[in-house]
Amino acid sequence: MSAIPRPPLPYDPRFEYEEEGELETRAELMQTLHSISSTTYQDNGHAMRSVHAKSHGLLRGQLQVLDGLPAELAQGLFARPATYPVVMRLSTIPGDILDDKVSVPRGMAVKVVGVPGTQLASLEPDFLPDEAATTQDFVMVNGPAFLAPTAKKFLGSLKLLAGTTDKVPRLKQALSSVLQGAEKALEAVGGESDTLKSLGGHPETHILGETFYSQAPILYGRYMAKVALVPVSNELTALTDAPVDLTDKPNGLREAVIDFFASHGATWELRVQLCRDINSMPLENAAMEWPQEDSPYLPVARITALPQAGWSEALSRAIDDGMAFNPWHGVLEHRPLGSIMRVRKAAYAMSARFRFERTGKVLREPRDLDHLPMAGV
């Protein structure tokens, strides 16, 4: 018989504390991300994201907040039952466009539109004022913990990634094959390595079978939480760990998404893991996985996507080029927490400005999704 989880901890400002040299780390992080964007822009004349440049799926759906949530879960966006339109972007982490045989961690960004409440963008100096914004973004990766515990450690990893931007893609493919073999050997004996996966050793599996995590925490109303997006429809769960053939398919993940949504819909659960012990579930160590036996991920909403195009050039222009996904796009009740999230604030804003200044588009959150190309097949 499992123990009843202890109550969630209310947020206390003392749980957050600035890392030594955090302002300098933030400045270096922005400089490093800018160098990635500048390199790719000089090479191909197209302004792209500093990270997660390549999209594999661009989807439109609906988020439905579950009815009857207990008080600890009925917070912020999830305080009452409601339905919101969402746009979803599946991606991989590098800032350059690589062959999918360079198999790296995957990302899922979700933008919820029409959310009531005070927007963080109206309070933060790093963002342009946008009084009409009504969005809430969740930016997630397919692993429960961040690669680095703090912003300073993350900067070191990012500098390594920046140094490989647009360099010897064939060598990256060969290295990825070696790393995938090492990761398979490790998993065969019950282990896994986030480092191997981040460097190109991620298994060649279907991207739609993944569970995605915020990794770093956010406010959850009066509490603190991490967020996960979990596949629950039968068609999606059948793809978990399912192999995907990427041989001679530089965009094989994208093709797999397009093929799936040509005839299937999909349903995910949005789940939250509440902080119940600040020692085992700290805010300032994003590499520390919060123990699920002490605080399980609990469902608060469902996201449903009907059969649709899955990806298209028109959708890419509208979403890849026309939108920015940022954990700081959202309401005050879901403010990001911890050093990783704090340095992301200025870095994400800088990356978006770099792109939008070169595309001539207006950096503004969508009021609705009516402007998107038709999503049907």
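Residues numbered from 1 in each chain as written. Predicted model: local features only at pLDDT ≥ 70, side-chain atom pairs only at ≥ 80, totals over all residues. Heavy atoms only, no water.

Burial within strand 4 (residues 135-141) is extensive, with seven of its seven residues counted as buried. Burial of the side chains of strand 4 extends over both faces: Thr135, Asp137, Val139 and Val141 are buried on one face and Gln136, Phe138 and Met140 on the other. Bridge count between strand 3 (residues 106-113) and strand 4: seven bridges; the pairing is antiparallel. Paired with valine 112 across the bridge in strand 4 is glutamine 136. (Buried < 20%, exposed > 50% of the residue type's maximum accessible area, 1.4 Å probe, protein only. Helix = DSSP H or I, 4+ residues; strand = E, 2+ residues; numbered from the N terminus. Pairing = 2+ DSSP bridges.)

The next point concerns the packing of aromatic side chains. Overall, the coordinates contain six aromatic pairs when judged by the stated rule. With 5.1 Å between their ring centres and 65 degrees between their planes, phenylalanine 146 and phenylalanine 154 make a pair best called edge-to-face. Like phenylalanine 146, the residue phenylalanine 154 is buried in the burial classification. Ring geometry for tyrosine 213 versus tyrosine 297: centroids 5.7 Å apart, planes at 65 degrees, classification edge-to-face. Remark: tyrosine 297 occurs in the loop between strand 8 (266-274) and strand 9 (298-305) and tyrosine 213 occurs in strand 5 (residues 212-213); sequence separation between them is 84 residues. Grouping residues by exposure puts tyrosine 213 and tyrosine 297 together as buried. Connected via pairs of aromatic rings, a cluster forms that spans Phe78, Phe138 and Tyr220. The aromatic ring of tryptophan 311 is capped on one face by arginine 254, whose charged end is 3.8 Å from the ring centroid. Positioned above the aromatic ring of phenylalanine 354 is the side chain of arginine 358, whose terminal nitrogen or guanidinium carbon lies 3.7 Å from the ring centre. (Phe/Tyr/Trp six-rings, centres within 6.5 Å; stacked < 30°, edge-to-face > 60°. Lys NZ or Arg CZ within 6 Å of the ring centre and 35° of its normal.)

Here the focus is the pairing of strand 7 (residues 223-231). Among the nine residues in strand 7, nine count as buried, and that is most of the element. Alternating residues of strand 7 divide into Tyr223, Ala225, Val227, Leu229 and Pro231 and Met224, Lys226, Ala228 and Val230, and every residue in both groups is buried. Two strands pair when backbone bridges link them, and strand 5 and strand 7 are joined in this way by two bridges, in the antiparallel orientation. Paired with phenylalanine 212 across the two strands is leucine 229, which belongs to strand 7.

To continue, consider the pattern of salt bridges. Here the idea is simple: oppositely charged side chains can pair when their charged atoms come close. Applying the stated rule across the entire model yields 17 salt bridges. In this structure, lysine 101 engages glutamate 204 in a salt bridge whose closest nitrogen and oxygen atoms are separated by 3.0 Å. Here lysine 101 is found in the loop between strand 2 (83-92) and strand 3, whereas its partner glutamate 204 is found in the loop between helix 4 (194-199) and strand 5, with 103 residues between them in sequence. Its relative accessible area of 18% is what places glutamate 204 among the buried residues. Each of Glu16, Glu22, Glu284, Arg335 and Arg342 takes part in salt bridges that share partners, so that together they form one network. (Salt bridge = Lys/Arg side-chain N within 4 Å of Asp/Glu carboxyl O.)

The next thing to look at is helix 7 (residues 313-320). Taken together, the buried positions of helix 7 are Leu315, Ser316, Ala318, Ile319 and Asp320. The inward-facing, buried residues of helix 7 contact strand 1 (54-65), strand 2 and helix 8 (339-359). (Contact = heavy atoms within 4.5 Å.)

Across the interface, helix 1 (residues 22-44) lies against helix 8 with an axial gap of 9 Å and an inter-helix angle of 30 degrees. The orientation of helix 1 relative to helix 8 falls into the category roughly parallel. Judged by the sense of rotation from one axis to the other, the crossing of helix 1 with helix 8 is right-handed. Residues Glu22, Arg26, Leu29, Met30, Leu33, His34, Ser37, Ser38 and Tyr41 of helix 1 touch helix 8, and the partners they reach there are Ser339, Arg342, Val343, Ala346, Ala347, Met350, Phe354 and Arg358. For the contact of helix 1 with helix 8, a count of residues per class yields nine nonpolar, four polar and four charged. (Axes fitted to C-alpha atoms, helices over the stretch in contact; angles between N-to-C directions. Parallel < 35°, antiparallel > 145°, perpendicular 65-115°, else oblique. Left-handed = near helix turned anticlockwise from the far one by under 90°. Nonpolar A, V, L, I, M, F, W, Y, C, P; charged D, E, K, R; others polar.)

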